[in-house]
Amino acid sequence: MNITTLTRHTARCAITLGLTALIATGAQAEEQDRQRGHFPLPESGNVIGKNITVTIQEGDTLIDLGRTHNVGYEAIRMANPDVSIWAPFEGTEVVIPDQHILPDTPREGIVINLSEMRLYYYSAPGVVETYPISVGRDGFATPVGVTRTTVKVKDPAWSPPSSMRREAAARGEPVPSVVPPGPDNPLGRHAILLGIPSYLIHGTNRPDGVGMRVSRGCIRMFPEDIESLYERVPSGTQVNIIDQPFKAGWASDGTLYAQSFPPLEENEGSFEPLLNAIETVARAFGDEKPPVDYAKLRDLVEQPDGMIVSLLHTASEAPTPTEPSPEVERLFGGELELSTR
């Protein structure tokens, strides 16, 4: 993509921004029309969906809105940091973060991005499905790796691990060795076993926790989402469990976007977030060198909130070059135009 093409794309974006209200209305109608979690794969680029806004009605909670609109707990909270989770004021406008950059991985089978707490399923040619999930909490991290689905079980019984039974007994709250199917079963009504022993994709009897790090390593989903997958995912489907706290990619109009999530606690200190982000952006560029707002990239890494942000300057901006860091010099050979806002 050369600078002339980039300018042309950016001009189209400026016109689009003038129609924000109409687009938001259209996006809500589009969301209602399509099947939950289903998106057409873009003909070019790797950005799907649109963020929308909705208005709080009496009795709404952010948790309710998140579940209705296919968004997990942390995602809806980060998108609306100044809104009460449990008691938002009636009439408040709430952002529904329903725009996603597809993970940088082959588009095959199921892809689980741990830091994002979201599952992607390439279910048919030209279609991707995506759903919020819960993953393993600190100390019970969900393992990264490639596996496959094996057996599907409806109304599963649950056998609490011995470590959990010991912990519960020490608290004076002993648990049974087997929990039968029913409302007290934390696996919910549907479970898909994985090739990694003792790890499952399953439902839950506590859906308010979907989108948080609360499990002992398994993947939890809203009951309606796991039921849908249970009916359609064939045994033997590839499951690629990855951890990409920072994603970058191109929209179909030529805009470079990035999306940053809080890294998993156990991975903090094992990699440099800013360097990881620069490397990710470098892969998105390929051989192209469009003007990037490096200050915005740094802010995105330092204050991750899961929202998609454009990293390109608009045509009206006059980039002010700044001295690139050693990491940027090494990755881009000094050819990338960096600037402050």
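Rules used in this analysis
Residues numbered from 1 in each chain as written. Predicted model: local features only at pLDDT ≥ 70, side-chain atom pairs only at ≥ 80, totals over all residues. Heavy atoms only, no water. Helix = DSSP H or I, 4+ residues; strand = E, 2+ residues; numbered from the N terminus. Buried < 20%, exposed > 50% of the residue type's maximum accessible area, 1.4 Å probe, protein only. Contact = heavy atoms within 4.5 Å. Areas by Shrake-Rupley, 256 points an atom, 1.4 Å probe, with all protein chains shown as cover. Pairing = 2+ DSSP bridges. Arc of directions from axis to C-beta.

Draft legend 1. Looking closely at the overall build of the chain. Within the chain one finds 9 helices and 21 strands. Buried positions account for 46% of the 341 residues belonging to the chain. Intrachain contacts of the chain at a sequence separation of at least 6 include 68% that bridge at least 24 residues. A total of about 16,600 Å² of accessible surface is found on the chain, and carbon and sulfur atoms cover 53% of it.

Draft legend 2. Geometry of the sheet that holds strand β14 (residues 219-220). If you trace the 9 strands from one edge of the open sheet to the other, you get β1-β8-β7-β6-β15-β10-β11-β12-β14, paired in mixed fashion. Edge positions in the open sheet fall to β1 (38-40) and β14, since each of these has one partner strand only. In this sheet, strand β12 (residues 200-202) lies alongside strand β11 (residues 190-194) in antiparallel orientation, the contact comprising 3 bridges. Paired with Leu 193 across the two strands is Leu 200, which belongs to β12.

Draft legend 3. Structural view of the pairing of strand β17 (residues 256-260). Burial runs high along β17: 5 of the 5 residues are buried. Side-chain alternation along β17 places Leu 256, Ala 258 and Ser 260 on one buried face and Tyr 257 and Gln 259 on a second face that is also buried. Direction of pairing for strand β16 (residues 246-250) relative to β17: antiparallel, over a ladder of 5 bridges. Bridge pairing in β17 places Phe 246 opposite Ser 260. Between β16 and the antiparallel strand that follows it, β17, lie 5 residues; Gly 254 among them carries a positive phi value of about 90 degrees. Note that β17 and strand β19 (residues 309-310) share 2 bridges and pair antiparallel.

Draft legend 4. View of helix α6 (residues 223-232). Listed as buried for α6 are Asp 225, Ile 226, Leu 229 and Tyr 230. Looking straight down α6, one finds its buried side chains confined to an arc of 135 degrees; they lie on one side.

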